[in-house]
Amino acid sequence: MPLASTLRMALLALLWGSGFLWIKLALNHGLSPLQITVARCALGAAVLLALALAARQRLPRDGRTWAHLLVAAFFCNALPFALFGVGEQTVDSGTAGVLNATTPLWALLLGLVLGTDRPLSPARLTGLFLGFAGVLLIFAPWQRAGLMTGGALALLGAAVSYAVAFAYMGRHLTGRDAPLAVSAAQLLTATGWAAAGWATTGWTADTGPAGSAGPAGVDATAVLAVVVLGIFGTGVTFYLNYRLIADEGATNAATVGYLLPVVSVAVGALFLDERVGPRVIAGMVVVLAGVALTRPRRAAVAARDEGADLTPRRTTPPPRPEPVG
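Residues numbered from 1 in each chain as written. Predicted model: local features only at pLDDT ≥ 70, side-chain atom pairs only at ≥ 80, totals over all residues. Heavy atoms only, no water.

(A) Summary view of the overall build of the protein chain. Helix and strand counts for the protein chain come out as 13 helices and zero strands. Partitioning the contacts of the protein chain with sequence separation of at least 6, the portion at a separation of at least 24 is 86%. Approximately 13400 Å² of the protein chain is accessible, and the part contributed by carbon and sulfur atoms is 67%. (Helix = DSSP H or I, 4+ residues; strand = E, 2+ residues; numbered from the N terminus. Contact = heavy atoms within 4.5 Å. Areas by Shrake-Rupley, 256 points an atom, 1.4 Å probe, with all protein chains shown as cover.)

(B) Looking closely at the nonpolar core. Ile-36, Phe-84, Leu-99 and Val-287 are the most contacted members of the largest nonpolar core, which totals 61 residues. A total of eight residues in this core trace back to one element, the largest contributor, which is helix α8 (residues 150-172). Residues Met-9, Trp-16, Leu-244 and Leu-260 belong to the second largest nonpolar core, which totals 12 residues. (Core = buried A, V, L, I, M, F, W, Y, C linked by side-chain atoms within 4.5 Å. Buried < 20%, exposed > 50% of the residue type's maximum accessible area, 1.4 Å probe, protein only.)

(C) Seen up close, the packing of aromatic side chains. Inspection of the entire model under this criterion finds seven aromatic pairs. Ring centres 6.1 Å apart and planes at 35 degrees place the aromatic pair Tyr-239 and Tyr-242 in the tilted group. With Tyr-239 and Tyr-242 both in helix α10 (residues 220-254), this residue pair falls three residues apart, about one helical turn. With a relative accessible area of 27%, Tyr-239 lands in the partly exposed category. Here the aromatic residues Phe-20, Phe-84, Tyr-162 and Phe-166 are joined through ring pairs into a cluster of three or more. One residue, Arg-40, lies across the ring of Phe-81, its end atom 3.6 Å from the ring centre. (Phe/Tyr/Trp six-rings, centres within 6.5 Å; stacked < 30°, edge-to-face > 60°. Lys NZ or Arg CZ within 6 Å of the ring centre and 35° of its normal.)

(D) Region of the structure containing the side chain of Thr-95. By the secondary structure assignment, Thr-95 is in helix α5 (residues 93-100). Given the relative accessible area of 6%, Thr-95 is considered buried. Once residues lying within four places of it in the same chain are set aside, the contact partners of Thr-95 are Leu-147, Val-276 and Val-280.

(E) View of the pattern of salt bridges. By the definition in use, this model includes three salt bridges. In this structure, Asp-247 engages Arg-8 in a salt bridge whose closest nitrogen and oxygen atoms are separated by 2.9 Å. Here Arg-8 lies in helix α1 (residues 3-17) and Asp-247 lies in helix α10, a separation of 239 residues in the sequence. Residue Asp-247 is classed as partly exposed on the basis of its relative accessible area of 39%. (Salt bridge = Lys/Arg side-chain N within 4 Å of Asp/Glu carboxyl O.)

(F) Structural detail: the environment of Gly-230. Mapping Gly-230 onto the fold places it in helix α10. It is 8.5 Å that separates the C-alpha atoms of Gly-230 and Ala-45, two residues lying 185 residues apart in sequence. Sequence-distant contacts of Gly-230, that is, excluding residues within four places in its chain, are made with Arg-40, Leu-43, Gly-44 and Gly-235.

(G) A look at the side chain of Thr-234. Among the secondary structure elements, Thr-234 is positioned in helix α10. Of note is the side chain of Thr-234, whose polar atom sits 2.9 Å from the backbone oxygen of Leu-229. (Polar contact = N/O pair within 3.5 Å; in protein donor to acceptor, adjacent residues only side chain to side chain.)

(H) Focus on the environment of Phe-238. Among the secondary structure elements, Phe-238 is positioned in helix α10. Under the relative-accessibility criterion, Phe-238 is labelled buried at 2%.

(I) Broad picture of helix α12 (residues 278-294). Here α12 is 17 residues long and its end C-alpha atoms lie 24 Å apart, about the 24 Å a rise of 1.5 Å per residue gives. Within the sequence span of α12, burial applies to Val-280, Gly-283, Met-284, Val-287, Leu-288, Gly-290, Val-291 and Thr-294. Axial view of α12: buried residues confined to an arc of 160 degrees, hence all on one face. At its buried positions, α12 is contacted by α5, α6 (103-114), α7 (122-139) and α11 (260-272). (Expected span 1.5 Å × (residues − 1). Arc of directions from axis to C-beta.)

(J) Quick peek at the state of the cysteines. Tallied over the full model, the rule gives zero disulfides. Of the cysteine sulfurs around Cys-76, a residue in no disulfide, the closest is that of Cys-41, at 10.0 Å. (Disulfide = S-S within 2.5 Å.)

(K) Representation of the packing of helix α3 (residues 33-54) against helix α9 (residues 179-201). Packing of α3 against α9 leaves a shortest axis separation of 8 Å and a crossing angle of 160 degrees. In terms of orientation, α3 and α9 fall into the roughly antiparallel class. When the axes of α3 and α9 are compared, the crossing they make is left-handed. Taken together, the residues of the contact of α3 with α9 sort by class into 18 nonpolar, seven polar and no charged. (Axes fitted to C-alpha atoms, helices over the stretch in contact; angles between N-to-C directions. Parallel < 35°, antiparallel > 145°, perpendicular 65-115°, else oblique. Left-handed = near helix turned anticlockwise from the far one by under 90°. Nonpolar A, V, L, I, M, F, W, Y, C, P; charged D, E, K, R; others polar.)

(L) Region of interest: the confidence of the model for the protein chain. Looking at the protein chain as a whole, the pLDDT averages 86, with 86% of positions reaching at least 70. Low pLDDT, under 50, characterises residues 210-214; the stretch is placed with 12 contacts to residues that sit more than four places away or in other chains. In the predicted structure, residues 299-323 sits below a pLDDT of 50 and forms 101 contacts with residues beyond four places in sequence or in another chain. (pLDDT = per-residue confidence, 0-100.)

(M) Structural detail: unusual backbone geometry. Phi angles above zero are rare outside glycine, and Arg-56 is one such case at about 60 degrees. Inspection of the secondary structure puts Arg-56 in the loop between α3 and α4 (63-87). Since its relative accessible area comes to 79%, Arg-56 is described here as exposed. Its identity is not glycine, yet Asp-273 carries a phi of approximately 55 degrees, on the positive side. Within the secondary structure layout, Asp-273 lies in the loop between α11 and α12. Taking relative accessible area as the criterion, Asp-273 reaches 52% and is therefore assigned exposed.

Here it is in structure tokens:
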């Protein structure tokens, strides 16, 4: 891989993987899950609108595309972003990144249920069972110190939501022109979803874990965290992933997903003094090994990569429309 692409992948892994850190900081300093979701979607949309304008790409004009974007924005942005905020109220940011790594497993399982994925080879079937064994190891329901909590289940729900989004977008939104503009439109739509949810729950009733209600309890750290999350962890990462897929193909670009949980665990330990136990680390290794086995072989996807859709995609392999946290 050329040096420019390698550096772009490293930066992408750092921005995506550290997103869980910024969510945790924003929560700890007064913002609520829906407030974070609204802010990051709006800021990310502003970045992509600027990039689309510079590239002379126009927002979609047909109603059918906007109807598909309503569904995609809900499952790929508004819902998982909010669930990450809910989950990280009680779960460490590093563990949140590890649970996010299960997305490809849920995507594969959904593809099998819907009949959109080809029959499993023995290796991929082994990978699927191995991946979910890793999830079971992380949750450890047989231990009192396990992670079978509402917050952890919310984080797992975010990964499932991404899987639903990938299946839907793969069928209705791939292969379109003006990918930056389409991505900007998706985040604009997600902003509307999140704002509607915030308004429905009450503009001041949605509180963070510190007990603050509304903007009055927010400090400078929360503002900085959500600005970095929205501009760099949401908007800029769309563009970087877009460029990486364009330059290296979807298969090579997908390898960045293996770095995300490692980054989330590392920055959580470094900046938040989080201590992820050996059981969770072991579960992460097992999950990533399972994900690696479930990925199609290079020979099977090389031709597909030649014409890979350049719509920006978020999180863990396969490349996804929007990063996590």
